[in-house]
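Residue-level structure breakdown
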Amino acid sequence: MKSLKNITLFASLIISLLFVQCKDEDDNVIINATCNDGIMNGQETGIDCGGPTCLPCGETLDFSGIYIQEDQIGRPGINTLFGTAGFKDSFNVTVPSAMQAEFQTKFQAKLLFMNELYTANILGQTAEEFTTLFSKDVLWLAQTGATSYFNGTEILTGRNLGDDVMDFSLLLIYGGPNGTENPELISDGVSTNDAEFSSTFPYLAGPF
Amino acid sequence: MKKSKLFTIMGGLGLATMSLFLMSSDQNDAPAVSGTTADIVDFYAFEGANSSNFVFAATVQGLLTPGTPTEQAAFDETILIEFNIDYNNDLKEDLVIQAIKRGDSMYFFGPSAPAYSGSEGTKSTIASSAPNSVKISTAEDVQIAENNGMKFFAGPREDPFFFDFNRFNEILAGTATGFENPGNDTYAGTNVLSVVVEFPKSMLPNGTTGVNPFAAGTPMYNVWLETKRKQ
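Within every chain, residues take consecutive numbers counted from 1 along the sequence as written. The order in which chains are written sets their letters, starting at A; the order in which ligands are written sets their numbers, starting at 1. Local features are withheld for residues below a pLDDT of 70 in this predicted model, meaning they are given only at 70 or higher, and side-chain atom pairs are given and counted only at 80 or more; totals for whole chains, interfaces and linings count all residues.

**As for the packing of helix H4 (residues 96-114) of chain A against helix H5 (residues 127-135) of chain A**
Residue and element names in this part refer to chain A. Only the contacting stretch of a helix is used when fitting its axis, a line to C-alpha atoms as for every element, and angles between N-to-C directions run 0 to 180 degrees. Each helix is a run of DSSP H or I of at least 4 residues and each strand a run of E of at least 2, with the numbering of both proceeding from the N terminus. Viewed as axis vectors pointing N to C, H4 and H5 meet at an angle of 130 degrees, and their least axial separation amounts to 8 Å. Accordingly, the angle class assigned to the pair H4 and H5 is oblique. For the pair H4 and H5, the crossing hand works out as right-handed. Contacts from Met99, Gln100, Phe103, Gln104, Phe107, Gln108, Leu111 and Leu112 of H4 reach H5 at Ala127, Glu128, Phe130, Thr131, Thr132, Phe134 and Ser135. Note on residue categories: nonpolar means Ala, Val, Leu, Ile, Met, Phe, Trp, Tyr, Cys or Pro, charged means Asp, Glu, Lys or Arg, and polar means any other residue, Gly included. Partitioning the contact of H4 with H5 into residue classes produces 8 nonpolar, 6 polar and 1 charged. Reported orientations rely on four angle classes, namely roughly parallel under 35 degrees, roughly antiparallel over 145, roughly perpendicular from 65 to 115, and oblique for the rest. The handedness criterion is simple: a crossing whose near helix is rotated anticlockwise from the far helix by less than a right angle is left-handed, and one whose near helix is rotated clockwise is right-handed. Each residue is represented by a C-beta atom placed from its backbone, and any two residues with such atoms within 7 Å are regarded as in contact.

**As for the interface of chain B and chain A**
If you look at the interface, chain B gives 103 residues, while chain A gives 82 residues. No other element matches the 11 residues that strand S11 (residues 220-230) of chain B contributes to the side of chain B that touches chain A. A per-class count over the side of chain B that touches chain A returns 48 nonpolar, 31 polar and 24 charged. In short, DSSP must find at least two bridges between two strands for them to pair. Where strand S2 (residues 139-142) of chain A lies against S11(B), 4 bridges are found, and the strand directions are antiparallel. If you follow Leu141(A) over to S11(B), its bridge partner there is Tyr221(B).

**Notes on the nonpolar core**
For the purposes of this analysis, a nonpolar core is taken to be any set of buried Ala, Val, Leu, Ile, Met, Phe, Trp, Tyr and Cys residues that are connected through C-beta atoms within 7 Å. Residue burial here comes from a neighbour count, namely the number of other C-beta atoms, placed from the backbone, that lie within 10 Å of the residue's own C-beta, with 20 or more meaning buried, 12 or fewer meaning exposed, and in between meaning partly exposed. Ranked by size, the top nonpolar core spans 97 residues in total, and within it Leu141(A), Ala45(B), Phe56(B), Ala58(B), Met106(B) and Val223(B) carry the most contacts. If you tally residues by element for this core, the top one is helix H6 (residues 165-174) of chain A, at 8 residues.

**Some remarks on helix H3 (residues 165-173) of chain B**
Here H3(B) has its buried residues at Phe165(B), Arg167(B), Phe168(B), Ile171(B) and Leu172(B). Along the axis of H3(B), the buried residues cluster in a sector spanning 160 degrees; they form a single face. In this description, one arc is meant: the one made by directions from the helix axis to the C-beta atoms.

**Considerations on unusual backbone geometry**
Note that the residue after Gly110(B), namely Pro111(B), is joined by a cis bond; omega there is 10 degrees. Structurally, Pro111(B) is set in strand S5 (residues 105-112). Note that the residue after Asn181(B), namely Pro182(B), is joined by a cis bond; omega there is 5 degrees. In this fold, Pro182(B) is placed in the loop between H3 and strand S10 (191-200). Notably, Leu156(A) is not glycine yet its phi reads approximately 55 degrees, a positive angle. At Asn89(B), a residue that is not glycine, the phi angle is positive and equals roughly 60 degrees. Along the polypeptide, Asn89(B) turns up in the loop between strand S3 (79-86) and strand S4 (95-102).

Such coordinate-based values are descriptive only and should not be taken to indicate function.
As structure tokens, then:
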């Protein structure tokens, strides 16, 4: 009797262990297949290799080495609009945290060079405020809510594929405090892309 | 508009020879990178169709005409394409998503903390973590990889940028006094190489409020794109 009880207990223990093991494996398969979890799962053809997302099995790829910066962009067209010959190359290899100190006064000179009569833009920024912001060439991206470079409601909360970014830049440079100055210079008359964007990944339209 | 004012503006524009190099938002923006495989055309960052996700898109090697030029355009295995994310508004990258070509695929690393940041941010090593990858697409063979809530794409796409660049050049040259309406999209019918990654916002720590004065209550990230060449 006693041994039978022990056997029953042992058997149920084994079964429960199997059950636990199955559950863990199921968790890995269904919820979180990654290329570095130490088991073959997802669409892998070997442990953490093969399939559409992991490295090919038996193939070692070389990702070693030092990479040095050659180009940089945050907001659209900043170097193109505010850079001038002589510092455009250095702008591309300057870290954002050093940009304001190095380029703000040059940007301001360039702004006043483009529009000598600049007083303020529709964002209420003086020449110094405007170029202080834009000399730090990073793009703001809102953690929550709609993203847009400018759509009349959202202001600098990201950049969608279809945002008319050049018109916004022209408006800030030439439009004055009410956005009504220099009407022939504040819009290029092209407000949309020539191909329709997709509402699903990868969003960009297929090539011509 | 008074003539004197117009001339002031036109004079400024005309002398602004930098703008003559304008090709796309960032393409050919400076002599050293112009026309190279490291030359960034543009950078986009937006909320995905699923509002829980962000999408980063980089375009390089612009103004590809349809047919052979687009078919033969190739990513460079020595060029690292790096999306930078700063979540605490110190303008220093806290996380990066790296993309680089090997063979017929694009490999993606991160988001993960970079080896170099801040004043050393112009230097990079590629993360040692296991990458995700996607086979590089062609016009006919579109490949999208999905893993761990992320989506990956690399290949030719239509250039999303639009601008009447020719008219802008005429304005700069003094042969036009302003834009036309409607204008003509200089980039109509041209392609670029693109790298697109979509990822859950939950992969990032919270952004910082008070950064964007036009949306002061909304937490913001500072994001930017870099290309780096293997030494």
